[in-house]
Amino acid sequence: MAAPALADTPTAAPGPRRRPRRPDARRRDHLVGWLLVAPAVAYFLVFLLYPALSALYYSFTDWDLRTPARWVGLANYADLLFDDVKYPHFWKSVRVTLQYTLIAVPLTLVTALVQALLVNAVRRGSNAFRLLLFLPVVTAEAAVGAIWRWLYDPRYGLVNSVLELFGIPGQNWLNTPELVVPALAFVSAWQCGISMIIYLAGLKGIPTAIIEAATIDGAGPLQRLRRVVMPMLRPTTFYLAVTGVIAALQVFGLVYVIFSGAGRSVTGGPEQAGLTYVLHLYLFAFRYDAMGAACAMSFVLLVLIVIVTALQFRFVRQEAA
Amino acid sequence: MSRTIAGVTVTAALLAGLTACGGGGMDAAEGRTLTYWTYQDRTPQAGQVIEKIRKDFEKTNPGVSVKIVKIPKDDYNTKLGSAVAAKTAPDAGVLDQPLVSKYALDGTIKEVPAGLFPDGTYFKGALDTNLGSDGKYYGLPVDQIGVALFYNKKLVPSPPRTWDELKQVAAQVHQAHPDVAGMVVPKGDGYGAWMFPGVVAGAGGEMADVPGKKILFDQPPAVEALQLWADLLPSSPRKITDSDKPFENGLAAMQISGPWDVPTIREQFPDLDFSVAPLPYKTAPAGNIGGENSVVFSTTKNADLAWKWLLFLGNAANNGAVADAAGGFPVNTRATPVGTGPENEAFLAQLKVAHARPAMPQWIQINDEIIAPAIESALSGKATPRQALTDAAAKTRALLGWNG
C-alpha cells in the first residue's frame, strides 16, 4: 500500500501510464473475484453462519431433535442460570471449566516457554527436539486419553512411580475429585507444542544485538530473560494467553476420552469433578435430548468467552516493552 | 423457513445415506418393501445371521422385500432422531430401551396392537422395557443383556448367594490377601447407576412407580442396597480397584459385569480362572436389564407387515440366533440360546428375574444427574446412604413435579 503522501508529491515517478479501465471490465473483475471466493463464501454461509444462526434460533426453543421445536423465549437461558432443579450441574460445570482454564493456560504457557528456550538454546538437533515436543499435538485424542489413563493409574502408573522416587506418595489421580482438574490441565500442558512453536518464532524475532548489548552491560542469563526476553515476547504471550483461554473454556475431547471407555459412562468423572462446560452441553444435546437448552448453553459460553477476552484486552499489557 | 431448509438438508443427507447403506436390498418391482433400521453388524457372522432371517421372512411372505439399513451404533440415535424429524423414518427399527418411553410420549412410534402375541411369549423384564409412561407397550424386545457376578475361582471357591455371604467373602479375601480387593464396587457414575436398580430389586424394591407417579429409591430396599456397596468398600479399597482392569489382573476377587466381558477376558487373560454367578440378593434373586427393542414408526404405511417382521425376529425359532447376533440373550421364553456353559446359565438365570428401568422419558438424565451423584456421595462417605437417597429423591420429585 502506498503512503498517501507519495501520491500528493508531483515529483514521484508516475509509473507506466495506464488507461483507465472501462466500467464493464471492472464489473467482470468483480464477477471473477466473487467466483474465486465463492467456495470460501459458500463454506462460510452454509457451514458456519447458517448453523450458528439456527443454533441461536433453537436456543429460544424446546427441541429434542425429533419433534417440532416449540418457542419458549428466554426460558432456556433463565432456567440454565437460575433453576438448579432442571440443571443441577450447570454452575458446577462453569466452575470446573474456569478452574481448568486457570490452571491449564498458565501451565501451558510456562511449559511452552521453557521448551522453546531449551530448543532455541541447542545448537545441534533442534529439529529433532522440536519434532519430539510437537508429537503430543498430532497424536490422536483417543490415544492421548488411553495413554494418560495408564500414566495416571493409581498402582502401576508412571506418574506415581516418578513421584514416589521423590518420596511423594502416589495419588489416585483420576478418581479423587480434587485432583481431576489439575490432572487434566497437566495433560493439556503436555500438549503445548503449538504454543512452543509460536514462542520459538517470537524468540527468533528478538534482535541478537539487544541481547548482546545486555550481555555487555553485564546482565546474566536470568536477568536477560526477565528484563529483555520476556518483555520482548509480550505480544506473543498475549496472543497465546487469549487463544489459550478460548480453547480451554471449550475443552471437551480430552475429558470425554479420559472418562469414557469400557464400563464407564461419560458423566464427568468422580462427583462430576471433570464435568466441563462443553461436556455438560454435549450430554444435554445428545444424551438427554435437550437440544434447545444445549444451544442456549453454547451462547452463554460465547458471551462468557467474549467477556473474558475483552477483560484480557483491557487489563493485560500486549505491546512489547 | 430455517426449519424447511434444515428439513431439506437432513432429508438429502439421509437419502444419500440410504442409497449408500442399503445396497443389499433391491426394491421389489411389485409388492411391498419394508425398511428396517438396525445397528451395524458386530461381526461378519452376525451379518450372515440377519441376512438369513431376512431371506426366510421374504420366503414366507411372498411379494414382500425387507430392506435392512445398518447404521453405526454411535450415530444411530442422532440419525434416527433426524429422520423422525424429517418424516423420513423407516417402517421399523431398533430403539434403545430408555428411548422407547420418550418416543412413545412424542407419538412418533406406534402402540403394540392388542393381542399381537400370546401372554408369556417374552420374558417380563425384557417386555417391560417397552412400556411407555402410560403403562402401554410400544415395542417388542429383540435381545436382552444384564449383569452378574464374576468371581475369581482361585480366591472365591464358591460364589456368594446372599448379600451377607458377599460381604463375608469379600472380607475374607481382603484379609487373606491385603493387596487384593474383595470386589470391584461400582461407582457413582452413569454405569453404576444403571446397575443399581438390579441390586435394589434384590432387596425387593423398585426405583419408581411410574403410573402411580411415585419415587421409591428413598425407601428401605434402595437404602439397604446402597449401604451394601458402602459396606463392601473397606474390604474393597478403591486404591486397588481403580487400577486398570483389577479383576482381570487378579487384584479383585469379584466384579459385577455383563456377558460382553466374558470373551474379552478369555482372550486377553487366558490364565484367569473365573466363572460367573447370579447376583447375590437379600430377599429375592433379581437383576437389571439392557438390550435392544424394536419399534414401528408412526409414519409407516406398512404397520401390519412391520409388526409381523418384529414378531419374526423374536419368535422361538429365530430369536436365539438374532439375540446372539446382537450380542445378547433371547427374549422369547421358548427360544434356545446359542451360547452354553456356566456363564450363560448365570446370565440367563439373571435375566429371568430382571427388572426394567422405570419407563419415563427423563430416566437417563435422572440416572446420570441425580442418582449417580447420590451413589457417589454415599460411597465417598460424604453422606449416609439414607441421606444421599432422600436428597436425590427430593430432587427427582421436584424435577418431575411428583408428590409421591
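Residue numbers restart at each chain and count upward from 1, following the sequence in its written direction. Key to labels: chains lettered from A, ligands numbered from 1, both in the order written. Restriction of local features to residues with pLDDT of at least 70 applies here, the model being predicted, together with a cutoff of 80 or more for giving and counting side-chain atom pairs; totals for whole chains, interfaces and linings are based on all residues.

(A) Focus on the overall build of chain A. Runs of E in the DSSP output that reach at least two residues are strands. Runs of H or I that reach at least four are helices, and both are numbered from the N terminus. A tally of helices and strands in chain A yields 15 helices and two strands. For chain A, the C-alpha radius of gyration of 26 Å lies well beyond 20 Å, the compact-globule estimate for 321 residues. Principal-axis analysis of the C-alpha atoms places the extent of chain A at approximately 80 × 65 × 35 Å. A buried classification covers 30% of the 321 residues belonging to chain A. Placing C-beta atoms from the backbone, we regard two residues as in contact once those atoms come within 7 Å. Sequence-distant contacts, at least 24 apart, represent 70% of the contacts inside chain A between residues at least 6 apart. In this treatment the radius of gyration is a C-alpha quantity, and the globule benchmark scales as 2.2 Å times the residue count to the 0.38 power. Here the C-beta atoms are placed from the backbone, and a residue counts as buried if at least 20 other C-beta atoms lie within 10 Å of its own, exposed if 12 or fewer do, and partly exposed otherwise.

(B) Focus on the nonpolar core. All names here are of chain B. The term nonpolar core refers to a group of buried residues, namely Ala, Val, Leu, Ile, Met, Phe, Trp, Tyr and Cys, whose C-beta atoms join them within 7 Å. Of all hydrophobic cores here, the largest spans 183 residues; its most connected members are F217, W309 and I371. In terms of residue count, the dominant contributor to this core is helix α14 (residues 363–379) (ten residues). No fewer than three residues from each of domain 1 (2–144 + 293–352) and domain 2 (148–288 + 362–400) sit in this core. Residue contacts for I371: discarding those within four places in its chain leaves A193, F196, F217, I366 and A392. What fixes the domain bounds is an automatic or database domain assignment.

(C) Here's a closer look at the confidence of the model for chain B. Residue and element names in this part refer to chain B. Residue-level pLDDT values for chain B average 91, and 93% of them are 70 or greater. What pLDDT reports is the predictor's confidence in each residue, on a scale of 0 through 100. Across residues 1–5, confidence stays below pLDDT 50; counting only partners more than four residues off in sequence or on other chains, it has two contacts. Across residues 7–29, where pLDDT falls below 50, the model places 25 contacts with residues more than four positions away in sequence or in other chains. For this predicted complex, the interface confidence score (ipTM) comes to 0.85, while the overall pTM stands at 0.86.

(D) Focus on the packing of helix α4 (residues 90–121) of chain A against helix α9 (residues 193–204) of chain A. Residue and element names in this part refer to chain A. To obtain an axis, a line is fitted to C-alpha atoms, over the contacting stretch when the element is a helix, and the angle between two such axes runs from 0 to 180 degrees between their N-to-C directions. Relative to each other, α4 and α9 sit at 50 degrees, their axes nearing to 8 Å. When the axes of α4 and α9 are compared, the pair comes out oblique. The element α4 and its partner α9 pack so that their crossing is right-handed. Contacts between α4 and α9 involve T108, L109, A112, L113, Q115, A116, V119 and N120 on the former and, on the latter, S195, M196, Y199, L200 and L203. When describing relative orientation, an angle under 35 degrees is termed roughly parallel and one over 145 degrees roughly antiparallel, while 65 to 115 degrees is termed roughly perpendicular and anything else oblique. Should the near helix be turned counterclockwise from the far one by less than a right angle, the crossing is left-handed, whereas a clockwise turn marks it as right-handed.

(E) Representation of the domain arrangement of chain B within the structure. Residue and element names in this part refer to chain B. Taken domain by domain, chain B consists of domain 1 (2–144 + 293–352) and domain 2 (148–288 + 362–400). Summarising the inter-unit geometry, the C-alpha centres of domain 1 and domain 2 are found 31 Å apart. Tallying the contact residues gives eleven residues for domain 1 and 14 residues for domain 2. Charged means Asp, Glu, Lys or Arg here, nonpolar means Ala, Val, Leu, Ile, Met, Phe, Trp, Tyr, Cys or Pro, and polar covers whatever is left, Gly included. A class-by-class count of the residues in the side of domain 1 that touches domain 2 yields six nonpolar, four polar and one charged.

(F) Summary view of the sheet that holds strand β10 (residues 274–277) of chain B. All names here are of chain B. Pairs of strands are assigned from DSSP output, requiring at least two bridges between the strands. One open sheet accounts for four strands, arranged β6-β9-β5-β10; its pairing is mixed. In this open sheet, the two strands that pair with only one neighbour each are β6 (181–184) and β10. Each adjacent strand pair in this sheet contributes to an overall mean axis angle of 20 degrees, direction not counted. As judged from the three bridges shared by β6 and strand β9 (residues 252–257), these two strands associate in the parallel manner. Along β9, the bridge assignment pairs A181 with A252. Each of β5 (148–152) and β10 touches helix α13 (residues 342–352); the most contacted strand, β10, lies at about 20 degrees to it.

(G) Main features of the sheet that holds strand β1 (residues 32–39) of chain B. Residues and elements named next belong to chain B. What the five strands build is an open sheet, ordered β2-β1-β3-β11-β4; its pairing is mixed. Only two strands of the sheet have a single neighbouring strand rather than two, namely β2 (64–71) and β4 (140–145). Strand-to-strand twist of the sheet, defined as the mean angle between neighbouring strand axes without regard to direction, takes the value 20 degrees.

(H) Local environment of unusual backbone geometry. Non-glycine residue Q272 of chain A carries a positive phi angle of around 60 degrees. By the element assignment, Q272 of chain A lies in the loop between α13 (253–259) and α14 (277–287).

(I) Quick peek at the pairing of β4 of chain B. All names here are of chain B. The buried fraction of β4 amounts to six of the six residues, a majority that puts the element mostly inside the structure. Bridge analysis of β4 against strand β11 (residues 290–296) gives five bridges, and the strand direction is antiparallel. Residue pairing across strands places L140 opposite S294, the latter belonging to β11.

(J) Just the interface of chain A and chain B, in detail. Residue-level contacts link 28 residues of chain A with 29 residues of chain B. Put simply, the parts of the chain that give the side of chain A that touches chain B at least two residues each are α2 (23–58) and α14 of chain A. Counted by class, the side of chain A that touches chain B contains eleven nonpolar, nine polar and eight charged residues.

(K) Region of the structure containing the UniProt feature "transmembrane region" (unreviewed entry) in chain A. All names here are of chain A. UniProt positions are given in the numbering used here, feature names are shortened, and annotations may be inferred rather than shown by experiment. Under the local residue numbering, the UniProt record ascribes the feature "transmembrane region" (unreviewed entry) to residues 31–53, 98–119, 131–151, 179–201, 236–259 and 290–311. Secondary structure content for residues 98–119 is 100% helix and 0% strand, and the end C-alpha separation is 31 Å. Between the C-alpha atoms that bound residues 131–151 the distance is 22 Å, and the span itself is 90% helix and 0% strand.

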